[in-house]
Amino acid sequence: MLDNNKVLDLLRQVVNPNTTKNIVDSGIMHDYQVREHRVSFTLLLHPSEDNLKMLYLAKAEESIKSVYPEAEVLINFRKEQQAPSTPLPQVKNVIAVASGKGGVGKSTVALNLAISLQQQGFKVGLLDADLYGPSMPTMMGLRGKRPEIRKIADKPKMIPIEQFGIHTISLGFLLEEEQAVVLRGPRLGGIIKQFVYDTVWPDLDYLIMDLPPGTGDIQLTIVQTIPLTGVVIVTTPQQVAVADALKAMNMFLLPNVNVPILGVVENMSWFTPVELPDHKYKLFGEGGGEKLTKLGETVLLGQIPLTMSVREGGDAGLPVASRPDDPAADYFKDMTLQFIQAVNRRNNTQDQTKIVKVS
Ligand SMILES: Nc1ncnc2c1ncn2[C@@H]1O[C@H](COP(=O)(O)OP(=O)(O)OP(=O)(O)O)[C@@H](O)[C@H]1O
Ligand SMILES: [Mg+2]
């Protein structure tokens with residue numbers, strides 16, 4: 001008769017030469033059984049460890065038979081499922097909307113892009129990653145709303161709020177408006193992670209992330225948390241905006257970050273008064289979007305004019321893209337069609353983005 005514990009001890013002499021860990025204590029052994037003179041178990045191997053099978057078999061037999069020459073050793077090998085490389089496998093594309101300067105219209109572009117995509121028949125989510133000044137509660141007409149919290153596997157999870165067919169989460173849904181918060185690096189990162197891990201995102205074609213301006217802690221946490229399909233850079237036509245936007249763009253292009261730039265949106269490109277529909281007043285100069293496109297070797301996804309309706313829509317929680325009769329909605333629709341093509345091009349030609357590893 002074979003002694004259960006003695007056999008286990010003998011199997012502790014079977015060691016992975018790469019990690020020097022034995023097969024018993026490293027946790028790769030399952031379904032261990034000793035029946036009369038037969039020892040059987042399953043070993044879970046990483047796909048790259050196929051070459052260890054023979055070694056494990058030989059060592060296990062050698063070790064056990066040194067004490068129990070009559071023993072029979074049966075090892076069943078199973079390939080370990082590779083851990084999903086994304087925390088949100090149900091989301092096809094994760095898109096960040098970024099800029100260098102503040103106030104250029106990231107949130108406006110992010111929201112109207114989300115709504116236009118939804119109108120094209122896509123399933124869309126919106127993650128308000130601007131923790132310093134979350135805009136979405138106001139822009140979507142959701143001020144004072146709270147997300148439903150549901151216990152899933154005994155952990156509380158947030159359910160995104162649905163508005164205009166867009167599933168949205170924002171820090172503005174969790175904090176009182178007058179709650180003046182000074183959040184620092186680690187706290188910020190923690191909230192972004194909760195927005196990813198502790199939120200029940202449904203199946204989505206696009207998850208749009210509205211970023212704060214610049215290249216700070218939030219941007220850093222995002223590229224370390226979730227693989228971004230790509231980034232949309234928003235700028236105004238002004239030259240100072242271009243210089244700042246270029247810095248933001250370059251952060252995503254850093255070799256170890258390596259997030260594709262999908263294109264540039266130039267916002268506030270001109271102003272056309274309702275009573276003079278043929279006039280274009282270029283209040284913020286011109287050429288910024290085009291220049292940035294050249295510098296970043298990317299494409300111009302659209303130029304959005306400055307209009308009363310865009311501003312009013314933002315303040316009133318009725319974004320123009322949700323009102324297709326508004327002429328400004330057409331600009332967002334054209335931008336969105338260009339955007340869809342850019343994402344498809346990217347997905348057809350480039351590998352999935354990897355998250356940045358913190359060393
Ligand atoms: N094309 C436009 N026409 C008119 N108003 C606009 C336009 N784009 C943005 N705005 C207005 O400009 C203001 C700033 O826009 P928005 O909040 O989208 O910018 P942002 O880049 O997200 O700002 P922040 O850096 O503070 O997050 C808002 O009041 C918005 O309604
Ligand atoms: Mg914003």
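Structure: see above.
Residues numbered from 1 in each chain as written. Chains lettered and ligands numbered in written order. Predicted model: local features only at pLDDT ≥ 70, side-chain atom pairs only at ≥ 80, totals over all residues. Heavy atoms only, no water.

## Details of the pairing of strand 4 (residues 91–98)
Looking along a regular strand, one sees side chains alternate from face to face of the sheet. By the criterion of burial, strand 4 is predominantly enclosed, with seven of the eight residues buried. Pairing geometry for strand 4 and strand 10 (residues 204–210), over six bridges, is parallel. Bridge pairing links Val91 to Leu204 in strand 10. Where strand 4 meets strand 11 (residues 230–235), four bridges bridge the pair, whose relative direction is parallel. Across the sheet, Ala96 pairs through a bridge with Val231, a residue of strand 11. (Buried < 20%, exposed > 50% of the residue type's maximum accessible area, 1.4 Å probe, protein only. Helix = DSSP H or I, 4+ residues; strand = E, 2+ residues; numbered from the N terminus. Pairing = 2+ DSSP bridges.)

## Re the packing of aromatic side chains
All told, the structure shown has three aromatic pairs when counted by the stated rule. For the ring pair Phe122 and Tyr206, a centre distance of 5.2 Å and an interplane angle of 85 degrees mean the geometry is edge-to-face. Residue Phe122 is located in the loop between helix 3 (106–119) and strand 5 (124–128), and its partner Tyr206 is located in strand 10; the two are separated by 84 residues in the primary sequence. Accessibility expressed as a relative area gives 3% for Tyr206, which makes it buried. Grouped by ring-pair contacts, the aromatic residues Phe122, Tyr206 and Phe339 constitute a single cluster. The lysine or arginine in question, Lys280, covers the ring of Trp270, its NZ or CZ lying 3.9 Å from the ring centre. (Phe/Tyr/Trp six-rings, centres within 6.5 Å; stacked < 30°, edge-to-face > 60°. Lys NZ or Arg CZ within 6 Å of the ring centre and 35° of its normal.)

## A few points about the nonpolar core
Leu127, Ile222, Leu228, Val231, Ile233 and Phe252 are the most contacted members of the largest nonpolar core, which totals 39 residues. Other than its neighbours up to four places away in sequence, Val231 contacts Ala96, Ala98, Phe252, Val259, Pro260, Ile261, Leu262 and Gly263. Counting residues in hydrophobic clusters, the runner-up holds 37 residues, among them Ile95, Leu113, Phe332 and Ala342. (Core = buried A, V, L, I, M, F, W, Y, C linked by side-chain atoms within 4.5 Å. Contact = heavy atoms within 4.5 Å.)

## Some points on the sheet that holds strand 2 (residues 38–45)
Strand order in this open sheet of three strands is 1-2-3, and the pairing throughout is mixed. Edge positions in the sheet fall to strand 1 (29–35) and strand 3 (72–79), since each has one partner strand and no second. The average angle at which neighbouring strand axes cross in this sheet is 10 degrees, direction not considered. In this structure, strand 2 lies alongside strand 3, joined through eight bridges in parallel fashion. Within strand 3, the residue paired with Leu44 across the bridge is Arg78. (Axes fitted to C-alpha atoms, helices over the stretch in contact; angles between N-to-C directions.)

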